[in-house]
Amino acid sequence: MAMLQEIDYGTPAVTNQAGIDHAGADQAGIDQARIDEAVAGQASVTLTIDGREITVPEGTSIMRASMHAGIKVPRLCATDSLQSFGSCRLCLVQIEGRNGTPASCTTPVAPGMAVHTVSDTLRRLRRGVMELYISDHPLDCLTCGANGNCELQDAAGEVGLRDVRYGYDGENHLSAPIDASNPYFNFDPARCIVCSRCVRACEEVQGTFALTIQGRGFDSKVAASADEPFLTSECVSCGACVQACPTATLIEKSVVEMGQPEHSVVTTCAYCGVGCSFKAEMRGDQVVRMVPWKDGKANHGHSCVKGRFAWGYAQHKDRILAPMIRDRISDPWRKVSWDVAIQRVASEFKRIQAKAGKDSIGVITSSRCTDEETYLVQKLARAAFGNNNTDTCARVCHSPTGYGLGKTFGTSAGTQDFDSVEQSDVIIVIGANPTDGHPVFASRMKQRLRQGAKLIVIDPRRIDLVRTPHVAASYHLALRPGTNVAMLTALAHVIVTEGLAARDFIAERCETDAYADWAAFVSEPRHSPEALQATTGVPADQVRGAARLFATGGNGAIYYGLGVTEHSQGSTAVMAIANLAMATGNIGRRGVGVNPLRGQNNVQGSCDMGSFPHELPGYRHVGDPVVRSIYEAEWGVPIDPEPGLRIPNMLDAAVDGSFLGLYVQGEDIAQSDPDTQHVTAGLSAMECVVVHDLFLNETANYAHVFLPGATFLEKDGTFINAERRINRVRKVMEPRAGLGDWEVTQAIANAMGYPMHYNHPSEIMDEIARTTPTFAGVSYDRLEQGSVQWPCNDAMPDGTPIMHVDHFVRGKGNFVITEYIATDEKVGPRFPLLLTTGRILSQYNVGAQTRRTANVVWHAEDLLEIHPHDAEERGVKHGDWVRLRSRAGETTLRATVTERVAPGVVYTTFHHPVTQANVVTTEFSDWATNCPEYKVTAVQVSPSNGPSDWQVEYQAMSAENRRIEPVPAGE
């Protein structure tokens, strides 16, 4: 029973008094609640266990029923996150009227059953089993890294083992060498009891199938891939195997080095938009390990290599911990006090405004900072600066989502929670690479696909989901970059002309006139798969097959990413996706929906908080006098009714001499934004650039003030993930630089003469709730009870997992005509290839965090993927240096010859500043939102001898611009 999988099969994990997950502890109370809920919804069974009468749902295992009664049965192979297995033979029980001693974890209850979990026979059998384990196990408990948190150690005590009759002189595995190849954990086969928990976690939770049990009998052992070292195997280092291991066989190197943690704090990961909950397990103020929290509603106890292990950047030597100033960007940095730095920012900004007008300065908010911090930065611009010059990196990636879904559905966010995928029957993944960009959600999706759901991948590149262990896409529509709108229209053409549209849904839930116009538009012969085949490059029969599958296959869900939004027609493509969902009736219930996969941890929140120059928090236009009046009353100042400048406009105005000051919190536009030469020209022209960040990034090369930031481990606040879930971020240590990011922004406002007086981020959230209807029910007290998904207000006090259930936010769904207009970026004789960009699992965004962790072992440099045909034509071999040139610029990097990309298409990542991939991207952008067209750049590739001259010069310039004057003796 699917529902019962949420109830512990075996040993539960709980928080002990020190706050640490301990698999040997009891959690009968939580199981009681889960089982009581289950009993209410299905047939129940009454039985007795050790003389106690108990009622549980039909199909419950004896082990689980025992837990319900508060009776603990010894176990090793059972765990709450995996299906029952029955291999360890410790959980044996006796059942009256039956022969033998079955495993309680795999034996279901039956009416009237009488079970005994304790007897002389069971004690003897369990002790004998434990003797066999211990006879082939190191007896160094006092010096073992798992001492104090070892299930084998606990189980030996539970069964009363005092000696081992077999001795320790026989054949054993104690000399098996340790595999320490993975930078984050050790694999010590000498300690392995072959319980298969790691193997099952890799299969059931992660879905990579990288581990297996090799050999039989005494020769059985855990092997990674074809008995390779973990580092070079198919293991993706998600940590599921480490978390599942009951001994020290798989153990974090940090635990071995630092010892067992003694307290923990639940917080939220600061990487991608999945928003995983973690327990930061600590010794004092030092993080020992990050353990995915099984009660986290976004991740349910799973994690990826970044969230699980790549947190060491918080202690990296490159981190700047003192404010710094300089008069010119060619000068070395001088360390100063916070007061001096804040006064420099305020005096320079006031000087610039007095000289060039109130609109001459602005801010950029960050999708890596908390909601509260982002809210204050946009408030700084509007209330202290007196303008709406606020923008965010979220516009550079997902602003077409806001525009497109706002026009069609009435709200600019995804429609589902992540759990919804468990009810999906057909899944479209378009312009996204979940296994690399959103790996924890990808594991959930793969679970559903292995259960029988169908998959359609629309992507120029053969992402892993096209074919991965036990998962294969029914269709991979490998379209030509830039033709998303044409492809989506062709799919719609098939659905409408073949009579596959959901007529009843459309009549009840949508604007019928708009549908009629749209249906006539997509039905035109020019939009057929056959007519568009030359445009998209996808065979018409494949398009027709995919359209029929999506329209007739049951619950259809669409997940998309930056491969949809980062185009000149990004907003058009989002509306085309929404049209497709409405036309098939796939909105407003579980298993369906339109779901943008957000790239960074708080992309959703930075948009929600009013970071755009034309919108106040909650996506309300600054031109609306009613909305402005709310903030004018709250903030005590008038709000400019005219939209401010977006980042490209700021840079244009800087080159023109009218925009001279910028406060950048947690962003690196010199590396992440397109057309790098234009970005750096704009930054160079400004008189005061303030960078507020952890490290001296590429933008800091052009800064006059550097304000040290705080990591997520040093913050209180909230992040909002891709499913609109508001998750608490909790401080596990004090800010190493002395101030939290919100305190820095507040200090700048006060120094400029606008008063801000918050004592804690919770007070900022209270203000957000007072002024933003979708957050009216949100408070830290409410979030302590569990995360919620906005809207959360009087109408939906517990949040809104599924949007548009009975009606769309705008009332009726709106079909929009989506005419395909080819990008102005064209291939030709000089630039015959199309470059598209993306991410890789081990790295994150511009790499500022992950490059300062051991993750570089998997991805030490950006590489250019090129098809064998294109490589051969150019004399390029695997691993060669190549020059990548566009009409905007050029760079050099190494080539990877692969068939993952089609002929005519090349692909690279943008994680390393030495590559500066955005040197070659152009100024083209989405027609509605200015979202840059990262995904389509006409390029040429040619052999090279190594890094180009400009790259060498740039590295030298960066080193020069990062010089820091030594602090005089005695200061």
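A. Structural view of the overall build of the protein. Scanning the protein from N- to C-terminus turns up 30 helices and 38 strands. Relative to the compact-globule value of 30 Å for 971 residues, the protein shows a C-alpha radius of gyration of 29 Å, a close match. Seen through its C-alpha atoms, the protein measures out along the principal axes to roughly 90 × 80 × 65 Å. Every one of the 971 residues in the protein was classed for burial, and the buried ones make up 63%. Considering only residue pairs separated by 6 or more positions, the protein has 72% of its internal contacts joining residues 24 or more positions apart.

B. Focus on empty space enclosed by the protein. By the definition in use, this model includes 11 cavities of 30 Å³ or more. As a volume, the largest cavity reaches approximately 410 Å³. In terms of lining residues, the largest cavity is bounded by 30 residues, among which Gly431, Ala432, Gly563, Thr837 and Lys935 are the most central. Put simply, the parts of the chain that give the lining of the largest cavity at least two residues each are helix H12 (434-437), helix H19 (562-565) and strand S33 (833-838). The dominant element in the lining of the largest cavity, judged by the number of residues it contributes, is S33, at 3 residues. Each residue belonging to the lining of the largest cavity can be placed in one class, and the counts come to 10 nonpolar, 14 polar and 6 charged. Here the second largest cavity is characterised by a volume of approximately 230 Å³. If you trace the second largest cavity, you find 21 residues lining it, with Arg368, Gly666, Asp693, Leu694 and Ala710 closest to the centre.

C. A look at the confidence of the model for the protein. Confidence along the protein averages 91 in pLDDT terms, with 95% of residues attaining 70 or more. In the model, residues 1-40 has pLDDT below 50 throughout and makes 108 contacts with residues more than four positions away in sequence or in other chains.

D. Structural view of the sheet that holds strand S18 (residues 426-430). In spatial order, the strands read S22-S19-S18-S23-S24; together these 5 strands make up an open sheet with parallel pairing. Single-partner strands in this sheet number two, and they are strand S22 (475-477) and strand S24 (593-596). For this sheet, the mean angle separating the axes of adjacent strands, direction not counted, is 15°. With 3 bridges connecting them, strand S19 (residues 454-458) and S22 associate as parallel partners. Following the sheet pairing, Val457 is matched in S22 by His476.

E. Region of the structure containing the pattern of salt bridges. Scanning the entire structure with this criterion turns up 50 salt bridges. Connected via shared salt-bridge partners are Glu252, Glu281, Arg289 and Arg308.

F. A look at the side chain of Thr267. With respect to the helices, strands and loops of the structure, Thr267 is situated in strand S11 (residues 263-268). At 3.0 Å, the side chain of Thr267 forms a polar contact with the backbone nitrogen of Arg730. With residues up to four places along the chain from it excluded, the contact list for Thr267 reads Cys276, Ser277, Phe278, Met290, Phe712, Arg728, Val729 and Arg730.

G. Spotlight on the pairing of S11. S11 sits mainly inside the fold: 5 of its 6 residues count as buried. Sheet topology note: the S11/strand S12 (residues 277-283) ladder contains 6 bridges and is antiparallel. Residue pairing in the sheet places Val265 in a bridge with Ala280 of S12.

H. Summary view of the nonpolar core. In terms of nonpolar packing, the biggest core is built from 70 residues, with Leu250 and Met445 touching the most fellow members. Ranked by residue count, the leading element in this core is helix H13 (residues 439-450), at 4 residues. Non-local contacts of Leu250, meaning those with residues more than four positions away in its chain, are made with Phe185, Asn186, Phe187, Cys198, Phe230, Cys241, Val242 and Cys245. The next biggest cluster of nonpolar side chains, apart from the first, holds 56 residues, and it includes Val627, Ala749, Ile764 and Trp790.

I. Quick look at the packing of helix H22 (residues 625-635) against helix H27 (residues 761-771). At a minimum axis separation of 10 Å, H22 and H27 run at an interaxial angle of 145°. The crossing of H22 and H27 is right-handed. Contact residues: Ile630, Tyr631, Glu634 and Trp635 in H22; Glu767, Arg770 and Thr771 in H27. Of the residues belonging to the contact of H22 with H27, the class tally is 3 nonpolar, 1 polar and 3 charged.

J. Seen up close, the packing of helix H23 (residues 647-656) against helix H25 (residues 676-685). The geometry of H23 relative to H25 is characterised by a closest axis approach of 8 Å and an angle of 55° between their N-to-C directions. Judged by the angle between their axes, H23 and H25 are oblique. When the axes of H23 and H25 are compared, the crossing they make is left-handed. For the pair H23 and H25, the contacting residues are Pro648, Leu651, Asp652, Ala654 and Val655 in the first and His678, Val679, Ala681, Gly682, Leu683 and Ala685 in the second. When grouped by side-chain class, the residues that make up the contact of H23 with H25 number 8 nonpolar, 2 polar and 1 charged.

K. A look at the packing of aromatic side chains. Within the structure shown, the criterion is met by 20 aromatic pairs. A ring pair is formed by Phe187 and Phe230, whose centres lie 5.2 Å apart and whose planes are at 45°; its orientation type is tilted. Pair noted here: Phe187 is in strand S7 (residues 185-187) and Phe230 is in the loop between strand S9 (221-224) and helix H6 (240-244), with a separation of 43 residues, a long-range link. With relative accessibility at 3%, the residue Phe230 sits in the buried group. An angle of 75° between the planes, with centres 6.2 Å apart, marks the rings of Tyr375 and Trp635 as edge-to-face. Taken together, the residues Tyr375 in helix H10 (residues 371-385) and Trp635 in helix H22 connect sequence positions 260 residues apart. A residue is classified by how much of its surface remains accessible, and Trp635, at 4% relative accessible area, is buried.

L. Summary view of H23. Within the sequence span of H23, burial applies to Ile647, Met650, Leu651, Ala653 and Ala654. The arc enclosing the buried residues of H23, seen along the axis, measures out at 165°, which places them on a common side. Where the residues of H23 are buried, they touch strand S16 (361-365), strand S17 (390-392), helix H11 (393-408), strand S27 (661-665), helix H24 (669-672) and H25. Where H23 ends, the next residue or the one after it, Gly657, has phi of about 95°, a positive value.

M. Expanded view of the sheet that holds S33. Reading around the circumference, S33-S37-S34-S36-S35-S38 is the order of the 6 strands in this closed barrel, with mixed pairing throughout. Taken over all neighbouring pairs, the strand axes of this sheet differ in orientation by 45° on average, direction set aside. Note that strand S35 (residues 881-886) and strand S38 (residues 937-943) share 5 bridges and pair antiparallel. Its bridge partner lying in S38, Val882 is registered against Pro943.

N. Looking closely at helix H18 (residues 540-552). If you check H18, its first and last C-alpha atoms are 18 Å apart, about what 13 residues at 1.5 Å a residue would give, namely 18 Å. Among the residues of H18, those classed as buried are Ala540, Val543, Arg544, Gly545, Ala546, Ala547, Leu549, Phe550 and Ala551. Positioned one or two residues after H18, Gly554 has a phi angle of 105°, which is positive.

O. View of the pairing of S24. Taking every second residue as pointing to the same face, both faces of S24 are buried, with Gly593 and Asn595 on one and Val594 and Pro596 on the other. With 4 bridges connecting them, strand S23 (residues 556-560) and S24 associate as parallel partners. The residue bridging Tyr559 from the neighbouring strand is Asn595, located in S24.

P. Just the side chain of Glu252, in detail. Tracing the backbone through its elements, the reader meets Glu252 in strand S10 (residues 250-252). A polar side-chain atom of Glu252 sits 3.1 Å from a polar atom in the side chain of Arg308. The contacts of Glu252, once residues within four sequence positions are left out, are Tyr184, Phe185, Val242, Arg289, Arg308 and Phe309.

Q. Representation of unusual backbone geometry. Put simply, Trp790 and Pro791 share a cis peptide bond, and its omega is 0°. Along the chain, the position of Pro791 falls in the loop between strand S32 (788-789) and S33.

Rules used in this analysis
Residues numbered from 1 in each chain as written. Predicted model: local features only at pLDDT ≥ 70, side-chain atom pairs only at ≥ 80, totals over all residues. Heavy atoms only, no water. Helix = DSSP H or I, 4+ residues; strand = E, 2+ residues; numbered from the N terminus. Rg over C-alpha atoms; globule rule 2.2 N^0.38 Å. Buried < 20%, exposed > 50% of the residue type's maximum accessible area, 1.4 Å probe, protein only. Contact = heavy atoms within 4.5 Å. 1 Å grid on protein atoms, 1.4 Å probe; cavity = no way out; pocket = protein on both sides within 12 Å on 5 of 7 lines; lining within 4 Å. Points joined across faces, edges and corners; volume = space filled by probe spheres on them. Nonpolar A, V, L, I, M, F, W, Y, C, P; charged D, E, K, R; others polar. pLDDT = per-residue confidence, 0-100. Pairing = 2+ DSSP bridges. Axes fitted to C-alpha atoms, helices over the stretch in contact; angles between N-to-C directions. Salt bridge = Lys/Arg side-chain N within 4 Å of Asp/Glu carboxyl O. Polar contact = N/O pair within 3.5 Å; in protein donor to acceptor, adjacent residues only side chain to side chain. Core = buried A, V, L, I, M, F, W, Y, C linked by side-chain atoms within 4.5 Å. Left-handed = near helix turned anticlockwise from the far one by under 90°. Parallel < 35°, antiparallel > 145°, perpendicular 65-115°, else oblique. Phe/Tyr/Trp six-rings, centres within 6.5 Å; stacked < 30°, edge-to-face > 60°. Arc of directions from axis to C-beta. Expected span 1.5 Å × (residues − 1).

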